[in-house]
Structures are given as structure tokens and as C-alpha cells.
Protein chains: 2
Amino acid sequence: MEKRNDNYELDNLDTQILSILMNNASIPYTEIAKKLIVSGGTIHVRMKKMEELGIIRGSHLIINPQKIGFDITAFLGIYLEKGSQYNNAVEQLKRVKEVVELHYCTGTYSMFAKIICRDTTHLRKVLNEDIQAVKGIQRTETIISLEESIKRQISLT
Amino acid sequence: MEKRNDNYELDNLDTQILSILMNNASIPYTEIAKKLIVSGGTIHVRMKKMEELGIIRGSHLIINPQKIGFDITAFLGIYLEKGSQYNNAVEQLKRVKEVVELHYCTGTYSMFAKIICRDTTHLRKVLNEDIQAVKGIQRTETIISLEESIKRQISLT
DNA sequence: GTTGAAAAGTGCTGCGA
DNA sequence: TCGCAGCACTTTTCAAC
């Protein structure tokens, strides 16, 4: 039986488990259990429930892009020729590996992307060759991040 | 002895290990070893090396914000009164939990933030009370994401 | 829903090549 | 530097509360 709650209300225990694991997914269940004063089995049951409900998407190893030569983070405001070209543009942008986020949005831009590149040469190549080649894109505005001052997940508490 | 390579060149094996774990940090080392046709110990040695080099930042449990009632993702272009107020503004914005990313950037805006809220009421509260209370912020422009079409990490290959 | 312990699987370490 | 094998630890399961 599939659960359909799109908005399941987490209790205190669920929230605390998530809060701990969101910042460090490799903490053992037994240690979490000790902190929250429940048994390891309970942590397991709760995690399984939240996985089934789709609350937990998975886990990521977080790397430092700069250490492996990816120095530039940029945001791209994208203007489409027509709004109807959205789905098509998404499909084409999925093939551009440097695009790590893409949003359909309100306001000035039709779409909004986050891209990560090695250097300015790489960025120019992505903008001029890959992005501009996408059909339906009229023009873009680039915002280059000089420093990422905050980078975290939402706080549940 | 601390290593100081800010730009260590990963070999093929390192790259493949990271590529696998970036999408699912809970895959066992032994399974990765099988895929890449090396021993489990080798994976371990490589991971340890990359951790020491600071390439690996840690691991995160990824949750689906919408499933727990956080429905709105918005981007905020921030205009500062003076550029010199940057450090101060960062410190104040760190206290606003809904801000999950903050960049110091080129272009139209002085700073650029990503925020996640429960609903429009929550968003308005954050914008009007929390953000506007930050000293040095002149005004902001809000871009609301209606749909996140792409969300992934950088591809190493 | 929670517990505690047993079974299965994984991570870690040291020795050898 | 890499691979193999043994030990320690974690995850998972399950009967009982």
C-alpha cells in the first residue's frame, strides 16, 4: 500500500534524527540512539518509515569542488523566447553537465540555473557553446559567485 | 605533515570512486571495489587520502523539503548600501535559518541568497522581518522557484 | 511503538607481495 | 603501492514487551 501523505507531520524524534544525519550521514545509528535515549532498533524503524514516505531522498558524499579544480560557481538568469519552450529547454540543459540546479521561476527570468566550472575559460565555453546552443533560449544574464559564505541544509528545529 | 595541494590531480580511480559515492554515500566499499575491479582495501586507502587532502567534506542525508512542509524555494538578489557592510551582513544572515546559501557576487546584486520556506506566509515573514532587519541591506529582489527541474552534483567525468 | 540481542554484512588494520 | 585475511563494529532482523 503506497502512502500518499505529501505532508507527513514528523514528530520530535524523527526531526532530531534527521537533524543529526543531515549534517553527517555517517554517524552510526547506535550513537544517535544513545544521544536521543532510545534503542538502535527504533532509529532504524523511523528511518525506514521516512524512506518509504519519500522524506529521505538518499545520501551524498560532499566534496569540495575547489580542491579538484572547479573554482567557479555562477548563477544564470535565462530568458526564453516563449514560455512553452520550457520542457524542451530543460531536457537540453540536462545534457549540460555543468548545470547543477535549474529552476522554473517567477520574476524577471523564465528560468534560473546554477553552474559550476573549472575556470573562466571553461565558463565561457559553457555559456557560449552549450547554453547558447539550447533552442528557445533568448539570452542569459550571468552572476558569478566570488565567495560562498553560507552553505547548509534547512534547519528543522 | 599537512598537505597543501589546493588543486590535487585525481587519477581515474579516485574520480570513479567519488562519482559513485557522490550520488549514494551509503554504497559499501566492497561493492565499489567489485565495480572498479580493485580490492576493498584500495578503496579505503584512496578515500582516506582524499579525506586528508580536504577533497571530501563529509556526507549529508538528503531530504525532500516539500515532504516535510517546506514548499517554497526562493532566490534573493540583495543590494547592500555599501560594499563594506558585507562581512557584517553575512554574520546577521547566518542567524536566519531559512537562508541555506549565500554568495558574494559580481553583477547587479551585491549578494545572492537561496532560502527555503514553509509557505508564502512564512516567506513574507522572513523577507519582511528577518531579512529587512539586517543592517546594511538596502533592498532585495525575490525570485520564487515554481519547480526545481534539475538538482545534482558536478559530474567529474 | 519500543526494546535488546543475535545474525549478517561492512569497515578497518596489519602483514605479505 | 596494492591485495588479502581476521577482527571489531554496524546494520538489520525479530520475538517479546
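Residues numbered from 1 in each chain as written. Chains lettered and ligands numbered in written order. Predicted model: local features only at pLDDT ≥ 70, side-chain atom pairs only at ≥ 80, totals over all residues. Heavy atoms only, no water.

K.L.:
Hey, could you run me through the protein's contact with DNA strand C in this one?
P.N.:
The environment of DNA strand C is formed by V38, S39, G41, T42 and R46 of chain A together with P28, Y29, T30 and H44 of chain B. For DNA strand C, the backbone makes up 86% of the atoms found within 4 Å of the protein, where backbone means sugar plus phosphate. Interatomic distance of 2.7 Å between a side-chain N/O atom of R46 of chain A and a phosphate oxygen of DNA strand C. The separation between a phosphate oxygen of DNA strand C and a polar side-chain atom of H44 of chain B is 3.0 Å. At the level of secondary structure, the elements contributing two or more residues to the surface near DNA strand C comprise helix 3 (40-52) of chain A together with helix 2 (29-36) of chain B. (Near = heavy atom within 4 Å. Polar contact = N/O pair within 3.5 Å; in protein donor to acceptor, adjacent residues only side chain to side chain. Helix = DSSP H or I, 4+ residues; strand = E, 2+ residues; numbered from the N terminus.)

K.L.:
Looking at this structure, how should I read the packing of helix 2 of chain B against helix 3 (residues 40-52) of chain B?
P.N.:
For any two helices packed against each other, one specifies the crossing angle of their axes together with the interaxial distance. Residues and elements named next belong to chain B. With their axes 8 Å apart at the nearest point, helix 2 and helix 3 run at an angle of 105° to one another. The angle between the axes of helix 2 and helix 3 places the two elements in the roughly perpendicular class. Across the interface between the two elements, Y29, I32, A33 and L36 of helix 2 pack against G40, I43, H44 and M47 of helix 3. For the contact of helix 2 with helix 3, the residue count by class is six nonpolar, two polar and no charged. (Axes fitted to C-alpha atoms, helices over the stretch in contact; angles between N-to-C directions. Parallel < 35°, antiparallel > 145°, perpendicular 65-115°, else oblique. Contact = heavy atoms within 4.5 Å. Nonpolar A, V, L, I, M, F, W, Y, C, P; charged D, E, K, R; others polar.)

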